[in-house]
Structures are given as C-alpha cells and as structure tokens.
Amino acid sequence: MKKPELLIPAGNLEKMRTAILYGADAVYMGVTGLSLRAQSAEMSLADLTNGVLEAHACGVKVYAAINTFARNCDLEQARRIIPELAAIPIDAVIVSDPGMIRLIRSLEPHLPIHLSTQANTTNAEAVRFWQDQGVKRIVLARELNLKEVGEIAAAVPEMELELFVHGAMCMAYSGRCYLSAYRNQRSANEGDCTQACRWEYLLSELTRPGDPLVLEEDERYSYLLSSKDLCLIDHLPEVLASGVISLKIEGRMKSTHYVAAVSRTYRWALDALMQKKEYYRCDPQWMEELKKISNRGYTTGFAFAEEKINETSPEIKYLQTHELAATVLQYDAAQKMILISVRNHLVAGDEVELLLPDDTVTIDTRLMVDTEGNQIQKANNDNQVYLPLTREAPIGALLRQKVK
Ligand code: SF4
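Just so it is clear, the structure is predicted and the values come from calculations on it, not from any experiment.

Undergrad: How should I be thinking about the pairing of strand β1 (residues 5-9) in this particular structure?
TA: Working note: regular strand, side chains alternate between the two faces of the sheet. Of all 5 residues making up β1, 5 are buried, and the element is well covered by its neighbours. Neither face of β1 is open: one carries Glu5, Leu7 and Pro9, the other Leu6 and Ile8, and all of them are buried. In this structure, β1 lies alongside strand β12 (residues 246-249), joined through 3 bridges in parallel fashion. Directly across from Leu7, in β12, lies its bridge partner Lys248. Inspection of the sheet shows β1 paired to strand β2 (residues 26-31) by 3 bridges, in the parallel sense. Across the sheet, Leu7 pairs through a bridge with Ala26, a residue of β2. Read as a crossover between parallel neighbours, the route from β1 over helix α1 (residues 13-21) to β2 is right-handed.

Undergrad: Is there a simple way to think about the site of the ligand in this case?
TA: Taken together, the residues surrounding the ligand are Cys170, Met171, Ala172, Cys177, Ala188, Cys193, Ala196 and Cys197. Looking at the shell around the ligand residue by residue, the class counts come to 8 nonpolar, no polar and no charged.

Undergrad: Just to check I follow, could you spell out the nonpolar core for this structure?
TA: Nonpolar side chains in soluble globular proteins generally cluster together in the buried interior. With 90 residues, the main nonpolar core has Leu48, Ile66, Leu85, Val93 and Ile233 as its most contacted residues. For this core, the element with the most residues is helix α9 (residues 256-275), which contributes 8 residues. Excluding residues that lie within four positions of it along the chain, Val93 makes contacts with Ala64, Ile66, Leu85, Ile104, Leu111, Pro112, Ile113 and His114.

Rules used throughout
- Residues numbered from 1 in each chain as written.
- Predicted model: local features only at pLDDT ≥ 70, side-chain atom pairs only at ≥ 80, totals over all residues.
- Heavy atoms only, no water.
- Buried < 20%, exposed > 50% of the residue type's maximum accessible area, 1.4 Å probe, protein only.
- Helix = DSSP H or I, 4+ residues; strand = E, 2+ residues; numbered from the N terminus.
- Pairing = 2+ DSSP bridges.
- Right-handed = clockwise from strand over helix to strand, strands pointing away.
- Near = heavy atom within 4 Å.
- Nonpolar A, V, L, I, M, F, W, Y, C, P; charged D, E, K, R; others polar.
- Core = buried A, V, L, I, M, F, W, Y, C linked by side-chain atoms within 4.5 Å.
- Contact = heavy atoms within 4.5 Å.

Structure (structure tokens):
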C-alpha cells in the first residue's frame, strides 16, 4: 500500500509549525483575500514564503487555498498573486472557481492545481472534466460514500483523490449556504460562517410572539441542523482501500491544541496501519485523544451512507475536555527543566499534560518556578516559567490542562 498523505490545516505560522512537529506530511493555508476563510485564518505572501521555506526544510508540502468564488473585482488581485505563489514556490493551489483555474493555466501553467471540495465533485465524468482542465488533484465532495469514492478512483486511476476524514460537517450541500450571511451578515461563501445552523430556533405565529411553537428533539433544544463532526479514524483501512491518496483534516479556524492533537493521533493511526494493515484497529486511546479537543460528538458522516443526511448533534456547544496551557520555549538539559510560555493561566497543582509527538507526559506543576528561580503559585498569560521534566521536549510542543 502506498503511504498516504496526512494533510493538516494551518491557519497561521504557529499552527503550521505545530502540524509539522506532530506529524503532518502536508499543510494547507489560506492566502489573504482569496481563500474561503475569515481573515484570521489567512496568511500574507510574506508569511507564506517563510512558511514554505520552513516546511520544505522538514520535507512537508504546502498547499495554498485560493478557493474563493471570484468576482470580477477579485481578478486583478488574483493575476498579481498567482505568479507570486508560483515563485515561492508553493506545492499546489487549491481552487474552486473555473475562472481562477483558467487564470492559473494561462499565467503559471506548471503550477499544480487541486480542486476544492467546494466544487462539489461527485462522479467520474466530473473528475474527467476537471482533468481536461488541467486539475491534478480533486478534493471529493463530502456527500460521497466510500463505495462511490472507490468507483471514481477505479474509473479515473490517474487522478489524485483527496478526502476529508476528520472535522466539522456542514449541513449545507458542499458548504453552499447563506444562513450565516442572512442571520448576521457574515457569509459562509466568503469564509466567515458564524455557524448559525447551530443556534437554537423557535417557530412563532405572528400574532402570538410570546407563544412560540417549540420543536424539541429532546429536552435540551432543537438541533435539527447541527451536525456531529466527521471522524473516520476507526475506518482508515476502508478509506485507503477506496483509492484516495490524501487524508484531509478540516479546521483552519481551529486552535493550536486541535492541530496538535489531530496531527499526532492520525499520524499514530496511519503509521500503525502502514505497519500491519490486516491487524489495524482503532486504539481506544486515540479516540480519548480526539475527545479532548473541541468536537460535537463524532459521526462517520456519509462514508457508509447511501443518501442519508448527517446525524445531528445534541451538543449546543463544542465538547472539549482539555485546553491549551502553555507552549515549550526551551529545554534545559542540565537542570532538567522546560521553559514554557503560559496561555491563559496556570496554578501550582494544576494537572498538566505535555504533548510529545509520540507520547503524553504528566507534569508536576507544584514545582513551577519563575525565570529568577523563585517557586511560584500562579502564572498568567504570556508569563515564562520553568517546570521539571526528565526527558527532552521539542521547542513548540504544547502543554494542556483540563478545561476549568
Ligand atoms: S451556517 Fe451551518 S450550514 Fe451554513 S455554511 Fe455555516 S456551518 Fe454550514
């Protein structure tokens, strides 16, 4: 079996470094003004250039998302940015809009093009169509089941296929939705979805505004539109058997902790799978790890469904048992201490886990000292403090604690 690519979202340089540290084969990033994500998850060309240099030095590929559905007014910026992306050089661009594909082919014909899942590719003829347009890889529509994915891979074996295996699911068909734009003027089609589908709604009759018709799925609220998150870690053998070569994780807007946890968990799973495919089983520890990051409960989505709507989630908020506590700045081998930068705040006695690429280590925070060597009881956001650690930890490794 060919080694598949583990493709991780990187909303900024810090997240890119985290993804690389914890096992990504490739990362994808947005380009300012041209990607379907809010500005907070987009990168300037300068950052992207630095990111690509760093990633390539580690053998990791970088794909730049310019998957906006361009208006005429976007074309000038696109004409300027496409040659700059090719010069970096980025490994591929992720695109949704046929106009952008035409521009790329005329300006930079050797720049590899990956077709975004937003283009909603659901059959082999559509794959051949995009192949004729010069597309090298297709991120298949999330609405496909694995049987259909396998049929497409068999029909068009020369096309690279990429599939989402983890992350939030959208109730709109391939993400085409105006609910967020309608409810609070922030459009999902411009990468700024406020997830209005997850809010609680009441149905009122005009003359009786204080007497809504309550549609309850259970005693908590009506969550008709709020999907659970996709998680296919238990089914990686079937996913790979379908013929996809790249496994994509959703979440350019998600936290650094999310990036670390999904990267290392799927890295462990893929390495186990590549070692002994026939003995693969989802280690319960992997699921425990995935429950520590933000999620709405997990589903296999459409992977084994014929034409089934995603399961909805009874969780109005994300489930998340742990949150980021600190980042490792340095390891002092002589003192057997790590210097960390605290996120939020840390109190002596808090139970803290250090995430290593291959292990999780519990650290005793009662022995926390400041940079002057004084034992302290509390550290605040951005404070630098030392904690004891008998083994080396890489710079950029994360520490987490239970949500308080
Ligand atoms: S509001 Fe909900 S259904 Fe619409 S794009 Fe956002 S996540 Fe998808």
